[in-house]
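Chain residues, written in single-letter form:
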Amino acid sequence: MTAPLLTEIDHVAIAVRDLEAAIAYYGDTFGATVAHRERIDSDGVEEALLKVADSYIQLLTPTSETSPVARYLEKNGEGIHHVGYRVDDCAAALRSVAEHGGRMIDQAPRPGSRGTTVAFVHPKGAFGTLIELVQE
Ligand code: CO
């Protein structure tokens, strides 16, 4: 193993049913403010990023009934959906996943929110956590 591929926690993503209520909760209770909001139609989600030091809480809500986040909420209810790790090179990190027998959801890096490049790693083979690799 050479240099670590995961350089920082980018975000912890939390699936919620009511985005406005979740934003209000974090704002009222913890003084957290929205740094970025985006609707990503290709993923069927709307997100609000709340800054915590150099990382974010990513509040995620589905924008359609067929969205993976809608299915997640139906199955598991609200809660932690995935962890986003910063990487310098998304393709290299994804290659390492494949080389170590992991299962990828994305076979190749693709555009994420905020102009990032991302890839998701399947929770099966990753100790039950959906992992997002985030390259800025
Ligand atoms: Co994410």
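Okay, so let's go over this structure. Quantities reported herein were computed from a predicted structural model and do not represent experimental measurements.

So, about the coordination of the cobalt ion. Summarising the metal site, the cobalt ion is bound by the protein donors His11 (NE2), Gln58 (OE1), His82 (NE2) and Glu132 (OE), whose distances to it range over 2.0 to 2.5 Å. Coordination at the cobalt ion is irregular: its 4 donor atoms span angles of 86 to 171° at the metal.

This part covers helix α2 (residues 68-76). Within α2, the full set of buried residues consists of Val69, Ala70 and Leu73. Angularly, the buried residues of α2 cover 105° about the axis, an arc narrow enough to put them on a single face. Residues of α2 that are exposed and point more than 90 degrees away from the buried face comprise Arg71, Glu74 and Lys75. After α2 finishes, the residue Gly77 shows a positive phi value of roughly 75°.

Once that is clear, we can look at the side chain of Ser67. Relative to the helices and strands, Ser67 resides in the loop between β4 (55-62) and α2. Assessed through its relative accessible area of 2%, Ser67 is described here as buried. Of note is the side chain of Ser67, whose polar atom sits 3.0 Å from the backbone oxygen of Gly44. When near neighbours in sequence (up to four residues on either side) are disregarded, Ser67 contacts Asp43, Gly44, Val45 and Pro62.

On the basis of which strands lie adjacent, the open sheet formed by 8 strands has the order β2-β3-β4-β1-β5-β8-β7-β6 and mixed pairing. This sheet does not close on itself; its edge strands, each paired only once, are β2 (34-40) and β6 (110-111). In this structure, strand β1 (residues 6-15) lies alongside strand β5 (residues 79-87), joined through 8 bridges in antiparallel fashion. Note that in β5 the partner of Leu6 across the bridge is Val87. The strands touched by α2 within the sheet are β1, β3 (45-52), β4 and β5, with β4 carrying the most contacts at an inclination of about 85°.

Scoring rules and cut-offs
- Residues numbered from 1 in each chain as written.
- Predicted model: local features only at pLDDT ≥ 70, side-chain atom pairs only at ≥ 80, totals over all residues.
- Heavy atoms only, no water.
- Donors = N, O, S within 2.8 Å, 3.2 Å for Na, K, Ca; no water.
- Tetrahedral: all angles 85-135°; square planar, octahedral: opposite > 155°, others 65-115°.
- Buried < 20%, exposed > 50% of the residue type's maximum accessible area, 1.4 Å probe, protein only.
- Helix = DSSP H or I, 4+ residues; strand = E, 2+ residues; numbered from the N terminus.
- Arc of directions from axis to C-beta.
- Polar contact = N/O pair within 3.5 Å; in protein donor to acceptor, adjacent residues only side chain to side chain.
- Contact = heavy atoms within 4.5 Å.
- Pairing = 2+ DSSP bridges.
- Axes fitted to C-alpha atoms, helices over the stretch in contact; angles between N-to-C directions.

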